[in-house]
Amino acid sequence: MDKNRRTLTCGEPTAAHCDREVILNGWVHRVRDHGGIRFFNLRDRYGQVQVVIDTDAPEQVKTAGNELKLEYCVAVVGTVRRRPESMVNPDMASGEIEVQATEINILSTSEPLPFMIEDRSDAREETRLKYRYLDLRSASMQNKMRLRHEVSFRVREYLSGLGFYEIETPTMIKSTPEGARDFLIPSRLHPGKFYAMPQSPQLYKQILMVSGFDRYFQIAHCFRDEDARGDRQLEHTQVDIEMSFVSAEDIFALVEGMMNHVFTHAIDHPLPTPFVRLSYHDAMNRYGSDKPDLRFALELQDAAALAQGSGFRVFEDAVASGGAVKALVVPGGATMSRKDIESLEATAKTYGAKGLAWMKIGDTGPEGGVSKFFTDKTDLIQPFEAKAGDLLLFVADTWKVACTALGAVRSSLGKSLDLVDRTAFAFAWIVDFPLFEWDDEKGRWEAAHHMFTMPQEQYLDQLESDPGAVKGDLYDLVCNGFELASGSIRIHNAELQSRIFDIVGFSRDEAQKRFGFLLDAFRYGPPPHGGIAPGLDRLVMIMAGEQSIREVIAFPKTTNGMSPMDDSPSEVDADQLKDLGIQIVE
RNA sequence: GGGGGUGUGGUGGAGAUGGUUACCACGCCGGCCUGUCAAGCCGGAGGUCGCGGGUUCAAAUCCCGUCGCUCCCGCCA
């Protein structure tokens with residue numbers, strides 16, 4: 001049926017095609033029936049073009065045209081013609097021309113739609129996900145999928161150009177229950193035993209280094225059985241990268257080059273490099289987050305000096321017990337209502353703060369809130385450089401709680417006061433993370449990143465004596481308040497690895513049982529190596545200006561881990577369970 | 001596990017101090033119309049107000065429970 005096979009896509013016809021006979025395939029996007037003359041827009045991935053059914057069109061065309069409804073899939077044979085001058089549509093790429101139909105064949109019909117295929121469709125996400133195949137037809141979703149493809153392609157182009165091999169690793173692996181909860185796959189051949197879905201290809205990429213593939217990458221699916229969020233799915237995609245014989249500096253340069261390449265070619269937005277670097281401590285101290293949004297300033301300040309002898313117990317106690325008092329100056333914030341401030345306090349409290357102290361700066365000095373403790377001590381307020389009309393906010397607590405709680409307030413203000421430059425991509429490396437974190441529940445040190453992270457060299461002598469002070473050779477890449485990538489230089493020395501296992505209370509037996517295959521591999525000349533793994537979904541989300549990674553995933557799951565389209569997860573037949581030796585416990 | 005928001009014809013929203021036939025826009029069906037492009041005009045169909053229970057003469061509306069979606073805390077090496 002050659003007359004049903006397109007000679008052009010719907011995005012292609014222009015004035016240059018005038019008088020040419022063309023065949024188009026596509027979906028009926030909209031029909032405008034004027035009784036005598038009839039128009040419809042034909043749409044495909046590449047664009048839209050207006051088809052005209054003239055009053056003197058062949059009978060076949062009129063009959064078929066009369067049957068057309070939204071989203072019918074059709075073939076149109078016709079002639080491209082220039083539109084009359086006054087009928088040109090400047091909002092349409094093909095607006096100078098139209099196609100005069102000489103034959104229309106309906107390839108398939110469509111039931112009435114649950115929602116309109118258009119970018120301004122305001123169907124709720126639940127409905128969009130149930131009919132994702134229709135949602136994906138909209139220009140905006142098609143664009144996001146195009147962007148996602150472009151990003152993957154440019155990543156592959158860039159890394160391949162630098163001699164990286166893309167190597168696949170298994171998606172059914174050994175369960176190594178550290179970190180997130182594993183998704184498990186029961187084995188039929190070995191009843192009672194399980195594979196796990198990888199949380200990342202971490203151990204395999206390190207083994208590939210042992211195998212001599214000194215530049216590896218993979219666009220890999222990762223699976224974590226934890227509660228989802230707007231920027232977190234059960235299943236996500238990482239650009240997994242590992243290199244041998246490198247330092248963190250090499251990784252930074254590589255990723256900066258890669259991001260610049262991707263942004264330049266995918267959205268024509270070159271990135272200034274090198275990226276800003278912030279230590280974990282500075283990021284927390286100044287922005288109250290280890291993934292600060294650097295698109296606006298509004299920095300946290302230290303208010304410990306203010307607490308001294310203020311007579312304000314909440315501040316004094318926090319400092320006396322080794323904690324901190326952090327302050328935030330909100331320019332012009334004195335106009336905020338009590339309700340506004342209470343809402344900010346609620347935000348601070350979710351992060352563990354006991355309250356949010358505040359005072360306004362009036363023409364004569366501090367007023368309202370906790371100002372009575374400071375009315376005669378205005379010199380103490382001087383360092384904050386608050387002006388009349390500003391609002392001062394304080395959180396007094398442990399250093400970490402004070403920082404994160406006020407950091408959350410900062411983020412909230414960034415949005416509500418519209419301080420964020422929405423056209424910016426504010427990249428930064430966060431470095432000098434602590435290697436260990438104290439776990440109160442377990443009463444022991446835990447690896448902050450993972451147990452194969454190299455400690456920074458200058459701390460090697462105090463690993464055991466002062467684990468909390470040890471910084472790791474590990475780094476995060478953040479952008480606009482999102483963690484975009486995380487990585488580290490790895491340990492390749494068995495003796496050092498053993499010391500780390502000892503500190504986190506990991507016995508040799510246990511280590512051998514869980515990571516034995518990696519430790520075995522490391523007995524055969526492992527090269528020094530390190531890597532990083534940028535999250536593809538978050539990267540594309542940020543580039544697309546979206547707030548949720550579900551917007552850049554073709555078939556995402558809901559926050560409850562369900563897929564409204566295919567209704568997974570679902571129950572399985574008793575026979576399937578029997579094969580696997582599995583019984584459901586009610 | 002916890003907290004906030006939300007659920008009303010196919011879609012999105014209004015209705016919330018309980019009270020006639022649940023309103024609007026879009027879509028859908030029928031009709032008119034020769035230049036529209038979110039076409040226009042006229043007419044029409046379409047609803048267990050998420051689900052279950054309760055209070056009441058009477059519940060979309062009040063109460064209890066429950067489910068879905070979503071944002072956040074916890075969790076996510």
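Structural notes, computed from the coordinates. (Residues numbered from 1 in each chain as written. Chains lettered and ligands numbered in written order. Predicted model: local features only at pLDDT ≥ 70, side-chain atom pairs only at ≥ 80, totals over all residues. Heavy atoms only, no water.)

1. Thoughts on the packing of helix α4 (residues 139-161) against helix α15 (residues 536-544)
Here's step 1: Interhelical geometry of α4 versus α15 gives an angle of 125° and a closest axis separation of 10 Å. Taken together, the axes of α4 and α15 lie oblique to each other. The handedness of the crossing between α4 and α15 comes out as right-handed. Taking contact as the criterion, the partners of Lys144, Leu147, Arg148, Val151 and Ser152 in α4 are, on α15, Leu536, Asp537, Leu539, Val540, Met543 and Ala544.
Here's step 2: Tallied by class, residues from the contact of α4 with α15 come to seven nonpolar, one polar and three charged. (Axes fitted to C-alpha atoms, helices over the stretch in contact; angles between N-to-C directions. Helix = DSSP H or I, 4+ residues; strand = E, 2+ residues; numbered from the N terminus. Parallel < 35°, antiparallel > 145°, perpendicular 65-115°, else oblique. Left-handed = near helix turned anticlockwise from the far one by under 90°. Contact = heavy atoms within 4.5 Å. Nonpolar A, V, L, I, M, F, W, Y, C, P; charged D, E, K, R; others polar.)

2. Quick look at the sheet that holds strand β3 (residues 47-53)
Here's step 1: Read around the barrel, five strands follow the order β1-β2-β3-β5-β4 and close on themselves; strand pairing throughout is mixed. Across the sheet, the mean angle separating the axes of adjacent strands is 55° when strand polarity is ignored.
Here's step 2: By the bridge criterion, two bridges tie β3 to strand β5 (residues 97-108) in an arrangement that is parallel. In the sheet register, valine 51 faces β5, and the bridge partner there is valine 99.
Here's step 3: Packing against the sheet, helix α1 (residues 59-67) makes contact with β2 (38-44), β3 and β5, and its axis sits at approximately 70° to β5. (Pairing = 2+ DSSP bridges.)

3. Concerning the sheet that holds strand β16 (residues 391-397)
Here's step 1: Read across the open sheet, the five strands follow the order β12-β13-β16-β14-β15; overall the sheet is antiparallel. The strands lining the two open edges of the sheet, one partner per strand, are β12 (301-302) and β15 (365-367).
Here's step 2: Where strand β14 (residues 357-362) lies against β15, three bridges are found, and the strand directions are antiparallel. Note on β15: the bridge partner recorded for glycine 362 is glycine 365.
Here's step 3: Against the sheet, helix α12 (residues 399-416) makes contact with β13 (324-330) and β16, and its axis sits at roughly 15° relative to β13, the strand it touches most.

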